[in-house]
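What follows is each chain in one-letter form.
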Protein chains: 4
Amino acid sequence: MLKVGLLGAGRIGRVHAQAITSHPGCILSAVSDALPDAAASLASEHGAKARSSDEIIADPGIDAILIATPTDTHSDLIEAATGAGKAVLCEKPVDLNLQRAMDCLNTVSARGKPVMIGFNRRFDPNFAALKAGLSAGEIGKAELLSITSFDPAPPPVSYVKVSGGLFRDMMIHDFDMANYLMGDVPQTISAVGSSLVDAEIGAVGDVDTAAVTMTYADGRIAVIKNSRRAAYGYDQRVEVLGSDGLLQAQNMLENTVVKSTVDGVVGAKPTHFFLERYMTAYRVEWAAFVDAVEGGSEVPVTLQDGVAALAMAEAATLSAQTGRSIQMEEILKPVAK
Amino acid sequence: MLKVGLLGAGRIGRVHAQAITSHPGCILSAVSDALPDAAASLASEHGAKARSSDEIIADPGIDAILIATPTDTHSDLIEAATGAGKAVLCEKPVDLNLQRAMDCLNTVSARGKPVMIGFNRRFDPNFAALKAGLSAGEIGKAELLSITSFDPAPPPVSYVKVSGGLFRDMMIHDFDMANYLMGDVPQTISAVGSSLVDAEIGAVGDVDTAAVTMTYADGRIAVIKNSRRAAYGYDQRVEVLGSDGLLQAQNMLENTVVKSTVDGVVGAKPTHFFLERYMTAYRVEWAAFVDAVEGGSEVPVTLQDGVAALAMAEAATLSAQTGRSIQMEEILKPVAK
Amino acid sequence: MLKVGLLGAGRIGRVHAQAITSHPGCILSAVSDALPDAAASLASEHGAKARSSDEIIADPGIDAILIATPTDTHSDLIEAATGAGKAVLCEKPVDLNLQRAMDCLNTVSARGKPVMIGFNRRFDPNFAALKAGLSAGEIGKAELLSITSFDPAPPPVSYVKVSGGLFRDMMIHDFDMANYLMGDVPQTISAVGSSLVDAEIGAVGDVDTAAVTMTYADGRIAVIKNSRRAAYGYDQRVEVLGSDGLLQAQNMLENTVVKSTVDGVVGAKPTHFFLERYMTAYRVEWAAFVDAVEGGSEVPVTLQDGVAALAMAEAATLSAQTGRSIQMEEILKPVAK
Amino acid sequence: MLKVGLLGAGRIGRVHAQAITSHPGCILSAVSDALPDAAASLASEHGAKARSSDEIIADPGIDAILIATPTDTHSDLIEAATGAGKAVLCEKPVDLNLQRAMDCLNTVSARGKPVMIGFNRRFDPNFAALKAGLSAGEIGKAELLSITSFDPAPPPVSYVKVSGGLFRDMMIHDFDMANYLMGDVPQTISAVGSSLVDAEIGAVGDVDTAAVTMTYADGRIAVIKNSRRAAYGYDQRVEVLGSDGLLQAQNMLENTVVKSTVDGVVGAKPTHFFLERYMTAYRVEWAAFVDAVEGGSEVPVTLQDGVAALAMAEAATLSAQTGRSIQMEEILKPVAK
């Protein structure tokens with residue numbers, strides 16, 4: 001049995017707690033949170049103990065740490081947990097600061113402990129099936145990738161302010177999806193963004209609607225579209241044009257009912273938001289982490305993957321600000337010095 | 001906390017065990033099975049005790065009994081459990097013998113304990129959404145109901161022999177679905193059936209492909225189609241034509257990936273079989289039972305509903321054998337005398 | 001060039017006039033109608049002459065006759081036209097009276113002139129593609145056929161009165177479609193019908209909602225559903241379950257636009273009625289007739305096919321009236337004496 | 001009756017000839033082509049005369065000229081025809097040289113004769129329905145437009161060489177579609193392109209796969225994706241995200257047949273190429289031109305629209321070459337001086 005300590009008892013921490021406790025090979029031993037009541041409540045629901053993060057990390061009886069705390073604590077906690085010999089699954093992003101994330105990667109690399117970044121969408125059965133089709137050569141060689149990723153509604157501006165901006169907070173999922181599907185990081189990134197959904201988002205210097213075009217060393221192209229608002233729900237689609245065809249992963253719907261009346265043929269909306277859409281993905285993600293930890297194989301999403309996505313977000317942010325196409329080299333060189 | 005005894009640790013018993021233990025208000029106390037090892041194994045997985053059915057029914061510490069045993073024990077166990085003051089959820093069908101089921105209904109009715117029959121499809125989110133649309137008047141008054149229900153592959157002939165035949169074993173789900181959606185039992189039933197899938201099924205006197213037409217007192221019409229084999233998986237569709245439109249519940253698919261190549265545009269197959277398709281329904285069903293038991297309200301699928309569906313299966317069997325349209329009265333009168 | 005005389009300048013006659021004149025190998029020479037103005041108007045639009053039916057049939061310069069007159073004149077006109085050596089394409093049904101249609105068939109058979117019945121749906125690209133897939137063995141052996149055929153709105157009661165009833169007037173198309181797809185006529189027919197759409201239709205002794213189940217000598221089964229009203233338009237769907245899968249021909253839609261809002265995902269309605277849905281089919285039908293006439297091959301829909309569909313309508317009418325399953329033999333024997 | 005002269009009897013000229021002759025208010029009087037046989041053949045099919053372009057333009061009996069000649073003759077012929085007082089419908093693009101097109105616009109503007117550019121896709125019933133929904137406010141204010149436009153197979157390299165490049169030859173349709181749907185020209189254009197489909201296309205300095213991002217003065221964003229090859233056929237989709245929802249125009253399919261087997265659920269491919277997909281659009285386009293000419297209203301696609309799309313193609317070409325985001329001002333200023 002893998003004994004797990006969960007750091008962070010907020011919304012996403014609760015999702016992970018469920019994934020951990022429903023895994024037949026895991027025990028949720030302890031939960032921490034900056035709000036002691038949140039930790040206590042979640043711990044008691046699952047028969048775990050509420051403890052401080054330090055205690056959990058220091059406990060030799062705990063094998064793995066799931067980090068679901070605020071982003072600015074991720075790097076420190078990854079370093080501390082691996083330093084204490086734990087396997088780590090950390091929520092995305094690694095950090096908002098690329099240099100800090102790179103330093104964390106350097107620190108951690110030598111330790112040889114598994115560190116996985118929680119890019120949950122890779123474990124969505126639909127995207128995973130698309131990836132499998134791509135890998136099996138069902139459409140030949142990939143040429144043109146498109147990712148559409150719209151949230152149902154914008155977050156509060158208070159959140160936007162500290163989020164690192166749309167590219168680091170929201171599109172980072174899509175950058176990782178691109179890396180996952182294309183099997184490479186891009187060479188150039190060109191981004192545009194506007195504040196069309198909520199003027200206050202623009203007022204704090206962020207965008208809520210954006211499009212990014214990326215090119216790869218071998219000429220392949222990827223396009224990502226983001227909006228903070230889709231009136232009809234959570235829109236999460238991917239399509240890849242290849243030399244022999246097209247693979248699309250379409251939205252999951254709330255149900256399969258179709259109503260035909262004089263007003264048209266009406267189907268259900270997409271599942272509302274990420275908790276509904278990706279509930280299965282979170283469970284599969286956790287199981288993949290456990291398999292890697294117990295089997296001694298490499299985790300399916302590495303800390304390096306987390307850093308790569310962050311670097312792409314950095315490039316996109318810079319491109320949107322300057323109107324220039326950014327070479328990924330520009331971003332990575334000074335950092336990787 | 002509702003303390004539950006589970007009778008039957010076979011495939012469907014295991015499904016119910018999961019639904020019971022994942023319900024926050026329930027404890028699975030005990031499991032029985034004719035095969036002691038099966039009971040012991042399932043009990044240990046869920047921290048329950050393996051006991052005999054008699055012991056479980058007699059235990060005053062147990063509040064509710066879930067009956068997932070072979071069909072020929074259902075009536076006896078319903079009577080015993082209600083006699084011991086338990087609430088009961090019993091798998092369908094109530095019995096293969098209509099007279100015995102009617103007797104059970106009479107015996108149990110006086111006791112006032114909740115007895116629910118496990119027509120799980122009523123709790124499928126898709127059919128439930130269709131029913132909600134119908135009840136909300138979205139297509140006006142229902143006129144013509146169609147149910148398509150194909151299994152992926154026929155059961156072994158050894159099972160078919162003791163199953164009571166396609167109408168009692170398989171189409172009984174669709175009869176209940178018709179009653180649920182139409183809010184009434186039909187007046188006439190006309191059935192045809194053939195053995196096209198497996199000649200051995202015909203050799204033992206059963207059919208594997210069938211169509212039934214039913215009419216209601218107010219002139220409404222329902223059509224049910226069954227096949228024991230659909231090469232592409234479990235095909236479970238319902239549509240209702242009403243005065244103002246059409247409501248359809250379509251199949252759930254394995255995933256949302258669509259592949260377009262020179263050979264056409266290929267989507268995923270329906271979820272393979274009832275465990276995949278109705279996993280959610282089993283959980284919702286159990287929760288509905290618990291709500292009724294604890295809230296003192298009527299169970300959403302009554303023993304009377306179970307008897308009605310069985311009577312319809314009886315009528316269909318007779319119609320297919322004789323080539324006559326059967327009045328439901330013919331079936332119910334001698335029984336209800 | 002095939003010189004064509006068109007008998008009947010009503011709505012369907014106008015459709016045929018277009019098909020004839022847009023065919024590069026045909027000339028529309030003459031048009032007749034009981035209403036001289038209708039004939040004159042349609043003739044002038046296409047550079048043809050308005051003449052009487054007798055004159056057209058007698059004219060040795062005319063090669064082929066298209067009969068689009070009221071049903072009760074069909075048999076007489078078929079006999080007259082073939083007697084004058086013409087090739088004939090006659091609108092469905094052959095006659096409302098089965099005996100009269102059989103007599104016509106006997107009369108005409110000896111003459112060896114091509115007589116085709118206008119079951120236009122066989123030439124719809126969607127149904128034709130389904131048939132091609134079936135013939136190519138794409139789903140193995142057909143087992144269970146379903147035809148859904150709903151009109152957008154009921155005809156006036158004045159029409160219903162003289163229509164011969166839903167089974168002869170409307171479902172006759174579906175009977176022919178069943179014969180086309182199954183490659184055989186059924187052995188038994190069982191029908192139910194109700195007047196749910198318009199009470200006046202019931203008052204004149206007809207039904208507006210009906211379901212028919214048919215069985216074939218080899219055990220195959222077919223189900224046909226009809227309604228005189230679908231609020232969302234013309235619903236024309238076919239599906240066939242075979243030993244290796246399912247083939248479905250779905251509705252054609254007005255356009256491909258999909259609107260997703262907070263109210264759901266809305267697509268276009270089916271094309272409104274038969275003129276929109278089957279415009280292509282009428283052109284293909286005419287071309288197939290011309291090809292057969294000019295190539296000396298058998299017409300793709302024979303007078304015998306027309307009589308078979310009529311006999312099935314007769315059986316369904318009788319079944320709905322008596323509540324009995326009708327053997328096709330019962331219908332055909334006395335007639336074929 | 002509008003008397004029409006058709007310049008150009010190639011593939012697209014033949015399409016237009018059909019649209020002209022099937023219009024009840026038009027007569028195709030004359031056809032010209034650089035290949036006299038082509039003109040003669042097409043003219044004879046439609047009862048027209050084969051003449052030289054000069055003769056046709058000079059003929060006072062001809063009201064309107066349809067220009068379907070090679071692109072490098074368009075500007076000259078537009079000027080000549082309007083100079084002779086004709087109404088003109090000219091195939092896209094106006095010219096490959098933006099300065100020449102601007103000069104043509106200046107020359108023609110003063111003459112007040114209707115000049116329409118043949119952006120046929122505006123008249124596709126699906127895109128027109130999407131536009132109508134947008135104009136009706138069905139999804140609120142448009143924010144993010146996506147156009148997917150893939151050809152089934154690349155043209156021969158001999159054609160590519162003289163085509164002006166993908167942006168001027170192929171994407172120009174999408175630029176016009178963007179202008180049509182957004183009701184404005186963009187402020188900035190950023191393009192990437194690769195040669196992935198056919199290395200020879202790259203060898204002659206063109207691209208076969210491209211993505212363009214455009215921003216508008218009010219912050220709206222548009223993305224266009226092009227590929228010269230889609231193994232599954234002609235992929236022509238548009239979607240617009242608005243403040244209240246999403247409008248999508250999906251592909252038209254060859255038929256509505258769906259086959260479900262053990263291999264999946266297979267639907268038909270998109271209609272193969274532009275002749276199949278846009279046949280209706282060409283007829284509607286011509287009718288719209290005739291309506292404008294006869295009604296004295298402005299043509300629905302102006303010469304200015306043609307110039308705007310060409311300027312966007314120019315900007316995209318420059319952006320793809322330089323890796324810079326191009327301000328439309330840069331392109332238009334020197335030209336409009």
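1. A closer look at the interface of chain B and chain C
So, point 1. Opposite the 28 residues of chain B that make contact, chain C presents 28 residues.
So, point 2. Mapped onto the side of chain B that touches chain C, the elements with two or more residues apiece are β7 (142-150), β8 (188-194), β9 (209-215), β10 (221-227) and β12 (245-249) of chain B.
So, point 3. For the side of chain B that touches chain C, the residue count by class is 12 nonpolar, 12 polar and 4 charged.

2. Let's talk about the interface of chain D and chain A
So, point 1. With 28 residues of chain D at the interface, the matching set in chain A holds 28 residues.
So, point 2. Counting residues per element, the ones that place at least two in the side of chain D that touches chain A are β7 (142-150), β8 (188-194), β9 (209-215), β10 (221-227) and β12 (245-249) of chain D.
So, point 3. Tallied by class, the residues present in the side of chain D that touches chain A amount to 12 nonpolar, 12 polar and 4 charged.

3. Focus on the relation of the copies chain D and chain A
So, point 1. With an RMSD of 0.0 Å, chain D superimposes on chain A once it is rotated by 180° and translated 0.0 Å along the axis. Both copies of the chain, as the preceding transformation shows, are related through a two-fold rotation axis. Ranked by how close their C-alpha atoms come to the rotation axis, the residues of chain D are headed by R324 of chain D, at 3.0 Å.
So, point 2. In this assembly the copies share their binding face: 100% of the residues contributing to the interface of chain D also contribute to that of chain A.

4. Section: the domain arrangement of chain A
All names here are of chain A.
So, point 1. According to the domain assignment, chain A consists of domain 1 (2-121 + 281-301) and domain 2 (125-277 + 308-336).
So, point 2. In this complex, domain 1 contributes 12 residues to the contact, which on the side of domain 2 involves 13 residues.
So, point 3. The residue inventory of the side of domain 1 that touches domain 2, partitioned by class, reads 8 nonpolar, 1 polar and 3 charged.

5. Examining the relation of the copies chain B and chain C
Turning one copy of the chain about an axis and sliding it along that axis gives the other copy, so a rotation and a shift relate them.
So, point 1. Each copy of the sequence occupies a distinct position, and chain B is placed on chain C by a rotation of 180° and an axial shift of 0.0 Å, giving an RMSD of 0.0 Å.
So, point 2. The share of interface residues of chain B whose copies in chain C are also at the interface is 100%, consistent with both copies meeting through the same surface.

6. Concerning helix α5 (residues 98-109) of chain B
Residue and element names in this part refer to chain B.
So, point 1. With 12 residues, α5 should cover 16 Å at 1.5 Å per step; its first-to-last C-alpha distance of 16 Å lies within 8% of that length.
So, point 2. Taken as a whole, α5 has its buried residues at L98, A101, M102, C104, L105 and V108. Seen from one end, α5 has its buried residues packed into an arc of 155°, which puts them on one side. Along α5, the residues that are exposed and aim more than 90 degrees away from the buried face are Q99 and N106.

7. Considerations on the pairing of strand β13 (residues 257-261) of chain D
So, point 1. The buried fraction of β13 of chain D is high, at 4 of 5 residues.
So, point 2. Here strand β12 (residues 245-249) of chain C runs beside β13 of chain D; their pairing, made up of 5 bridges, is antiparallel. Across the sheet, L247 of chain C pairs through a bridge with K259 of chain D, a residue of β13 of chain D.
So, point 3. When β13 of chain D meets strand β14 (residues 264-267) of chain D, the two strands line up antiparallel, connected through 4 bridges. Considered in β14 of chain D, the bridge of V258 of chain D is made with G267 of chain D.
So, point 4. What sits between β13 of chain D and β14 of chain D in their antiparallel hairpin is a turn of 2 residues.

8. Quick word on the pairing of strand β2 (residues 26-32) of chain C
All names here are of chain C.
So, point 1. Most of β2 sits out of view: 6 of its 7 residues are buried.
So, point 2. With helix α1 (residues 11-21) bridging strand β1 (residues 2-7) and its parallel neighbour β2, the resulting β-α-β unit is right-handed.
So, point 3. Taking the sense of rotation as the criterion, the β-α-β connection linking β2, helix α2 (residues 36-45) and strand β3 (residues 49-50) turns out right-handed.

9. Points about the confidence of the model for chain A
So, point 1. Confidence in the prediction for chain A averages 96 pLDDT; 99% of positions are at 70 or higher.
So, point 2. For this predicted complex, the interface confidence comes out at an ipTM of 0.95, alongside a pTM of 0.95.

10. Observations concerning the environment of S158 of chain D
So, point 1. For S158 of chain D, the location among the structural elements is in helix α7 (residues 157-162).
So, point 2. Distance in space between the C-alpha atoms of S158 of chain D and M252 of chain D is 30 Å, their sequence separation being 94 residues.

11. Some details on the sheet that holds strand β4 (residues 64-67) of chain A
Residue and element names in this part refer to chain A.
So, point 1. Overall, parallel pairing links the 6 strands, which are arranged β3-β2-β1-β4-β5-β6 in an open sheet. Here the strands that pair on one side only, and so sit at the sheet edges, are β3 (49-50) and β6 (115-118).
So, point 2. Examined bridge by bridge, strand β1 (residues 2-7) and strand β2 (residues 26-32) share 6 bridges and lie parallel to one another. Bridge pairing in β2 places L7 opposite S32.
So, point 3. Running over the sheet, helix α4 (residues 74-83) touches β1, β4, β5 (87-91) and β6 and is turned about 170° from β5.

12. Some details on the environment of L145 of chain D
Residues and elements named next belong to chain D.
So, point 1. The residue L145 is located in strand β7 in this model.
So, point 2. Along the primary structure L145 and G202 are separated by 57 residues, whereas in three dimensions their C-alpha atoms are 28 Å apart.
So, point 3. Beyond its immediate chain neighbours, meaning those up to four positions away, L145 contacts A178, L181, M182, A222 and V240.

13. Some points on the environment of A288 of chain D
All names here are of chain D.
So, point 1. Structurally, the position occupied by A288 is in helix α12 (residues 279-295).
So, point 2. For A288 and F123, which are 165 residues apart along the polypeptide, the C-alpha to C-alpha distance reads 8.7 Å.
So, point 3. For A288, the contacting residues outside a window of four places in its chain are F123 and P300.

14. Here's the deal with the packing of helix α9 (residues 171-182) of chain B against helix α13 (residues 303-322) of chain B
All names here are of chain B.
So, point 1. Interaxial distance between α9 and α13 falls to 9 Å at its minimum, and their mutual angle equals 120°. The orientation of α9 with respect to α13, classified from their angle, is oblique. Note on packing geometry: the crossing formed by α9 with α13 is right-handed. Contacts between α9 and α13 involve M171, I172, F175, D176 and N179 from the first element and D305, A308, A309, L310, M312, A313 and A316 from the second.
So, point 2. For the contact of α9 with α13, the per-class residue count stands at 9 nonpolar, 1 polar and 2 charged.

Each value, and the rule that gives it
Residues numbered from 1 in each chain as written. Chains lettered and ligands numbered in written order. Predicted model: local features only at pLDDT ≥ 70, side-chain atom pairs only at ≥ 80, totals over all residues. Contact = placed C-beta atoms within 7 Å. Helix = DSSP H or I, 4+ residues; strand = E, 2+ residues; numbered from the N terminus. Nonpolar A, V, L, I, M, F, W, Y, C, P; charged D, E, K, R; others polar. Least-squares fit on C-alpha atoms with pLDDT ≥ 70 in both. Domains from an automatic or database assignment. Expected span 1.5 Å × (residues − 1). Buried ≥ 20, exposed ≤ 12 C-beta atoms within 10 Å, placed from the backbone. Arc of directions from axis to C-beta. Pairing = 2+ DSSP bridges. Right-handed = clockwise from strand over helix to strand, strands pointing away. pLDDT = per-residue confidence, 0-100. Axes fitted to C-alpha atoms, helices over the stretch in contact; angles between N-to-C directions. Parallel < 35°, antiparallel > 145°, perpendicular 65-115°, else oblique. Left-handed = near helix turned anticlockwise from the far one by under 90°.

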